[in-house]
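Secondary and tertiary structure notes
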Amino acid sequence: MIGDILPAGVRYADSRTDLPHEPLHPEEEQLIALAVDVRRREFTTTRACARKALAGLGVPSVPILPGRRGAPRWPAGVVGSMTHCDGYRAAAVARADRTLTIGIDAEPNEPLPDGVLEAVAFPEESSAVHALARVNTAVCWDRLLFSAKESVYKAWFPLTERFIGFEEATIDLDVGGDSRGRASGEFLAELLVEGPWPTGRRMTGRWTVRDGLLCTAIVLPRQAVS
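As a starting point, this report considers the structure included with it.

Cut-offs and rules
Residues numbered from 1 in each chain as written. Predicted model: local features only at pLDDT ≥ 70, side-chain atom pairs only at ≥ 80, totals over all residues. Heavy atoms only, no water. Axes fitted to C-alpha atoms, helices over the stretch in contact; angles between N-to-C directions. Helix = DSSP H or I, 4+ residues; strand = E, 2+ residues; numbered from the N terminus. Parallel < 35°, antiparallel > 145°, perpendicular 65-115°, else oblique. Contact = heavy atoms within 4.5 Å. Nonpolar A, V, L, I, M, F, W, Y, C, P; charged D, E, K, R; others polar. Expected span 1.5 Å × (residues − 1). Buried < 20%, exposed > 50% of the residue type's maximum accessible area, 1.4 Å probe, protein only. Phe/Tyr/Trp six-rings, centres within 6.5 Å; stacked < 30°, edge-to-face > 60°. Lys NZ or Arg CZ within 6 Å of the ring centre and 35° of its normal. 1 Å grid on protein atoms, 1.4 Å probe; cavity = no way out; pocket = protein on both sides within 12 Å on 5 of 7 lines; lining within 4 Å. Points joined across faces, edges and corners; volume = space filled by probe spheres on them. Pairing = 2+ DSSP bridges.

1. Section: the packing of helix α4 (residues 123–135) against helix α5 (residues 141–160)
- Between α4 and α5, the shortest axis-to-axis distance is 9 Å and the interhelical angle comes to 135 degrees. In this view, α4 runs oblique relative to α5, as classed from their interaxial angle. Judged by residue contacts, E125, V129, L132 and A133 of α4 engage W141, D142, L145 and K149 from α5.
- When its residues are assigned to classes, the contact of α4 with α5 shows 5 nonpolar, no polar and 3 charged.

Now the structure itself:
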(Lines give C-alpha, C1' and ligand atoms only; values in the text may rest on other atoms or scores of the structure.)
Protein backbone atom coordinates (compact mmCIF):
# COMPACT_ATOMS: atom_id res chain seq x y z
CA MET A 1 0.00 0.00 0.00
CA ILE A 2 2.78 2.44 0.85
CA GLY A 3 4.15 1.90 -2.63
CA ASP A 4 1.15 3.76 -4.07
CA ILE A 5 2.52 7.07 -2.78
CA LEU A 6 6.29 6.62 -3.16
CA PRO A 7 8.23 7.98 -6.15
CA ALA A 8 10.53 6.04 -8.43
CA GLY A 9 13.90 5.36 -6.86
CA VAL A 10 12.47 4.53 -3.46
CA ARG A 11 12.48 0.85 -2.56
CA TYR A 12 9.89 -0.43 -0.14
CA ALA A 13 8.40 -3.57 1.38
CA ASP A 14 5.24 -4.02 3.38
CA SER A 15 3.22 -6.78 4.98
CA ARG A 16 -0.34 -7.21 6.19
CA THR A 17 0.61 -10.25 8.28
CA ASP A 18 3.34 -10.72 10.83
CA LEU A 19 6.48 -12.70 10.04
CA PRO A 20 7.49 -13.81 13.55
CA HIS A 21 10.01 -16.40 12.39
CA GLU A 22 12.11 -14.06 10.27
CA PRO A 23 15.70 -14.06 11.60
CA LEU A 24 17.03 -11.16 13.62
CA HIS A 25 20.62 -10.11 14.08
CA PRO A 26 21.98 -10.75 17.60
CA GLU A 27 22.05 -7.02 18.37
CA GLU A 28 18.37 -6.77 17.45
CA GLU A 29 17.47 -9.85 19.42
CA GLN A 30 18.96 -8.27 22.53
CA LEU A 31 16.65 -5.28 22.16
CA ILE A 32 13.50 -7.38 22.41
CA ALA A 33 14.69 -10.22 24.63
CA LEU A 34 12.08 -9.32 27.24
CA ALA A 35 9.43 -7.92 24.90
CA VAL A 36 5.86 -9.14 24.88
CA ASP A 37 4.70 -11.12 21.86
CA VAL A 38 2.94 -8.21 20.14
CA ARG A 39 6.05 -6.03 20.35
CA ARG A 40 8.29 -8.87 19.14
CA ARG A 41 6.07 -9.47 16.12
CA GLU A 42 5.91 -5.85 15.03
CA PHE A 43 9.66 -5.37 15.58
CA THR A 44 10.59 -8.53 13.66
CA THR A 45 8.20 -7.95 10.77
CA THR A 46 9.11 -4.29 10.32
CA ARG A 47 12.79 -5.17 10.16
CA ALA A 48 12.10 -7.97 7.72
CA CYS A 49 10.42 -5.35 5.52
CA ALA A 50 13.38 -3.01 5.94
CA ARG A 51 15.87 -5.68 4.91
CA LYS A 52 13.79 -6.58 1.86
CA ALA A 53 13.66 -2.91 0.88
CA LEU A 54 17.42 -2.56 1.39
CA ALA A 55 18.00 -5.62 -0.78
CA GLY A 56 16.25 -3.71 -3.55
CA LEU A 57 19.10 -1.20 -3.33
CA GLY A 58 21.68 -3.98 -3.31
CA VAL A 59 22.44 -3.46 0.39
CA PRO A 60 23.16 -6.68 2.34
CA SER A 61 21.38 -7.63 5.54
CA VAL A 62 22.54 -5.54 8.50
CA PRO A 63 21.18 -4.86 11.99
CA ILE A 64 18.75 -1.96 12.06
CA LEU A 65 19.09 -0.50 15.51
CA PRO A 66 17.37 2.51 17.07
CA GLY A 67 19.24 5.75 17.50
CA ARG A 68 18.13 8.89 19.32
CA ARG A 69 14.40 8.94 20.07
CA GLY A 70 14.09 5.54 18.42
CA ALA A 71 14.83 6.71 14.88
CA PRO A 72 16.29 3.79 12.88
CA ARG A 73 20.00 3.92 12.07
CA TRP A 74 20.36 3.05 8.41
CA PRO A 75 23.51 1.83 6.64
CA ALA A 76 25.87 4.48 5.32
CA GLY A 77 24.59 6.07 2.14
CA VAL A 78 20.96 5.17 2.79
CA VAL A 79 17.97 7.12 4.11
CA GLY A 80 14.73 5.52 5.13
CA SER A 81 11.72 5.25 7.37
CA MET A 82 9.65 2.49 8.97
CA THR A 83 6.10 2.30 10.28
CA HIS A 84 3.74 -0.17 11.90
CA CYS A 85 0.17 -0.23 13.08
CA ASP A 86 -2.41 -2.96 13.66
CA GLY A 87 -2.43 -5.13 10.56
CA TYR A 88 0.33 -3.36 8.65
CA ARG A 89 4.13 -3.02 8.66
CA ALA A 90 6.26 -1.18 6.10
CA ALA A 91 9.68 0.26 5.35
CA ALA A 92 10.96 2.56 2.59
CA VAL A 93 14.58 3.34 1.69
CA ALA A 94 16.54 5.26 -0.94
CA ARG A 95 20.08 6.25 -1.82
CA ALA A 96 21.22 9.29 0.16
CA ASP A 97 23.01 10.83 -2.81
CA ARG A 98 19.64 11.39 -4.49
CA THR A 99 17.17 11.54 -1.63
CA LEU A 100 17.53 13.85 1.34
CA THR A 101 15.03 12.22 3.68
CA ILE A 102 11.99 9.93 3.91
CA GLY A 103 9.14 9.89 6.40
CA ILE A 104 6.31 7.36 6.23
CA ASP A 105 3.42 6.59 8.54
CA ALA A 106 0.50 4.14 8.55
CA GLU A 107 -2.58 4.30 10.74
CA PRO A 108 -5.97 2.58 10.93
CA ASN A 109 -8.60 4.57 9.06
CA GLU A 110 -10.47 5.21 12.28
CA PRO A 111 -11.31 8.41 14.18
CA LEU A 112 -8.80 9.64 16.71
CA PRO A 113 -9.68 9.06 20.37
CA ASP A 114 -11.60 11.89 22.02
CA GLY A 115 -9.43 14.88 22.79
CA VAL A 116 -6.48 13.92 20.56
CA LEU A 117 -7.40 16.17 17.62
CA GLU A 118 -7.53 19.19 19.92
CA ALA A 119 -4.07 18.24 21.24
CA VAL A 120 -2.38 17.92 17.83
CA ALA A 121 -4.20 20.42 15.60
CA PHE A 122 -4.48 24.18 15.29
CA PRO A 123 -8.04 25.54 15.24
CA GLU A 124 -7.86 26.12 11.48
CA GLU A 125 -6.67 22.55 10.95
CA SER A 126 -9.55 21.23 13.03
CA SER A 127 -12.00 23.32 11.03
CA ALA A 128 -10.56 21.98 7.77
CA VAL A 129 -10.80 18.41 9.04
CA HIS A 130 -14.46 18.84 9.97
CA ALA A 131 -15.22 20.43 6.60
CA LEU A 132 -13.55 17.56 4.74
CA ALA A 133 -15.49 15.03 6.82
CA ARG A 134 -18.75 16.55 5.59
CA VAL A 135 -17.61 16.05 1.98
CA ASN A 136 -16.11 12.56 2.23
CA THR A 137 -17.05 10.29 5.11
CA ALA A 138 -14.92 7.38 3.87
CA VAL A 139 -11.73 9.06 5.14
CA CYS A 140 -11.05 9.72 8.82
CA TRP A 141 -9.54 13.13 8.21
CA ASP A 142 -8.51 13.71 11.80
CA ARG A 143 -6.40 10.54 11.73
CA LEU A 144 -5.00 11.53 8.35
CA LEU A 145 -3.89 14.88 9.75
CA PHE A 146 -2.23 13.07 12.66
CA SER A 147 -0.45 10.70 10.26
CA ALA A 148 0.80 13.55 8.08
CA LYS A 149 2.34 15.22 11.12
CA GLU A 150 3.98 11.91 12.05
CA SER A 151 5.55 11.74 8.57
CA VAL A 152 6.80 15.30 8.96
CA TYR A 153 8.53 14.38 12.20
CA LYS A 154 10.06 11.22 10.71
CA ALA A 155 11.44 13.19 7.77
CA TRP A 156 12.73 16.05 9.94
CA PHE A 157 14.36 14.34 12.91
CA PRO A 158 17.08 12.25 11.18
CA LEU A 159 18.49 15.41 9.61
CA THR A 160 18.44 17.60 12.69
CA GLU A 161 18.13 15.33 15.74
CA ARG A 162 15.77 18.05 16.96
CA PHE A 163 12.35 17.20 18.31
CA ILE A 164 9.43 18.81 16.52
CA GLY A 165 6.01 18.79 18.16
CA PHE A 166 2.58 18.59 16.57
CA GLU A 167 2.20 22.32 17.18
CA GLU A 168 5.35 23.12 15.20
CA ALA A 169 4.05 22.20 11.75
CA THR A 170 0.82 23.01 9.95
CA ILE A 171 -0.77 20.65 7.44
CA ASP A 172 -2.94 21.54 4.46
CA LEU A 173 -4.65 18.40 3.13
CA ASP A 174 -5.55 18.22 -0.55
CA VAL A 175 -8.50 16.03 -1.55
CA GLY A 176 -7.93 13.84 -4.56
CA GLY A 177 -8.35 10.39 -6.04
CA ASP A 178 -6.67 8.04 -8.45
CA SER A 179 -7.76 6.33 -11.66
CA ARG A 180 -9.17 3.41 -9.69
CA GLY A 181 -11.36 5.60 -7.52
CA ARG A 182 -9.34 5.27 -4.34
CA ALA A 183 -9.05 8.17 -1.92
CA SER A 184 -5.65 9.79 -2.29
CA GLY A 185 -4.03 13.18 -2.55
CA GLU A 186 -1.21 15.44 -1.44
CA PHE A 187 -0.54 17.54 1.63
CA LEU A 188 1.60 20.57 2.29
CA ALA A 189 3.46 20.88 5.57
CA GLU A 190 4.92 24.15 6.77
CA LEU A 191 7.43 24.12 9.61
CA LEU A 192 6.96 26.69 12.36
CA VAL A 193 10.29 26.06 14.10
CA GLU A 194 13.17 28.49 13.71
CA GLY A 195 15.58 27.80 10.84
CA PRO A 196 17.82 26.80 9.31
CA TRP A 197 15.58 24.13 7.78
CA PRO A 198 17.59 21.34 6.12
CA THR A 199 14.36 20.11 4.55
CA GLY A 200 13.25 23.55 3.45
CA ARG A 201 10.51 25.30 5.39
CA ARG A 202 7.82 23.57 3.33
CA MET A 203 7.50 19.89 2.61
CA THR A 204 5.05 18.22 0.24
CA GLY A 205 3.78 14.73 0.95
CA ARG A 206 1.26 12.26 -0.39
CA TRP A 207 -1.49 10.22 1.23
CA THR A 208 -3.75 7.31 0.38
CA VAL A 209 -6.62 5.49 2.08
CA ARG A 210 -7.93 2.01 1.33
CA ASP A 211 -8.70 -1.35 2.90
CA GLY A 212 -9.18 0.12 6.38
CA LEU A 213 -5.78 1.82 6.45
CA LEU A 214 -4.32 5.20 5.65
CA CYS A 215 -0.72 5.97 4.75
CA THR A 216 1.24 9.19 4.42
CA ALA A 217 4.70 9.74 2.98
CA ILE A 218 7.23 12.52 2.51
CA VAL A 219 10.14 11.90 0.16
CA LEU A 220 12.41 14.87 -0.50
CA PRO A 221 14.89 14.71 -3.37
CA ARG A 222 18.03 16.72 -2.70
CA GLN A 223 17.38 19.25 -5.46
CA ALA A 224 13.96 20.08 -3.95
CA VAL A 225 15.43 21.70 -0.86
CA SER A 226 15.56 25.50 -0.78
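2. Here's the deal with helix α2 (residues 37–56)
- Over its 20 residues, α2 runs 29 Å from end to end, which matches the ideal 28 Å to within 8%, given 1.5 Å per residue.
- Those residues of α2 that fall on the buried side of the exposure criterion are E42, F43, T44, T45, T46, R47, A48, C49, A50, R51, A53 and L54.
- Immediately beyond the C-terminal end of α2, within one or two residues, lies G58, with a positive phi of roughly 80 degrees.

3. What to know about the packing of aromatic side chains
- Under the criterion given, the structure shown has 4 aromatic pairs.
- On the numbers, 5.6 Å between centres and 25 degrees between planes, the contact of Y153 with F157 is stacked. On the criterion of helical spacing, the pair formed by Y153 and F157 is a turn pair, its members being 4 residues apart in helix α5. Here Y153 and F157 have matching classes, each one buried.
- An aromatic cluster is defined as three or more aromatic residues linked by ring pairs; in this entry it consists of Y153, F157 and F163.
- Directly above the aromatic system of F43 lies the positively charged group of R47, at a separation of 3.8 Å from the ring centroid.

4. So, the layout of surface pockets
- Put simply, the largest pocket is a space of about 890 Å³.
- The leading source of residues in the lining of the largest pocket is strand β2 (residues 78–85), at 8 residues.
- Taken together, the residues that form the lining of the largest pocket break down as 19 nonpolar, 8 polar and 12 charged.
- Considering only enclosed or pocket space, the second largest pocket measures out at about 240 Å³ in volume.

5. Regarding the sheet that holds strand β1 (residues 11–15)
- Within the open sheet, the 3 strands sit side by side as β1-β3-β2. Their pairing is antiparallel. With one partner strand each, in any of the chains shown, β1 and β2 form the two edges of the open sheet. Sheet twist, expressed as the average angle between the axes of neighbouring strands with direction ignored, equals 10 degrees.
- Pairing analysis gives 5 bridges linking β1 to strand β3 (residues 88–95), with the strands arranged antiparallel. By the bridge assignment for β3, Y12 is matched with A92.
- Lying over the sheet, α2 contacts β1, β2 and β3, oriented at roughly 30 degrees with respect to β3.

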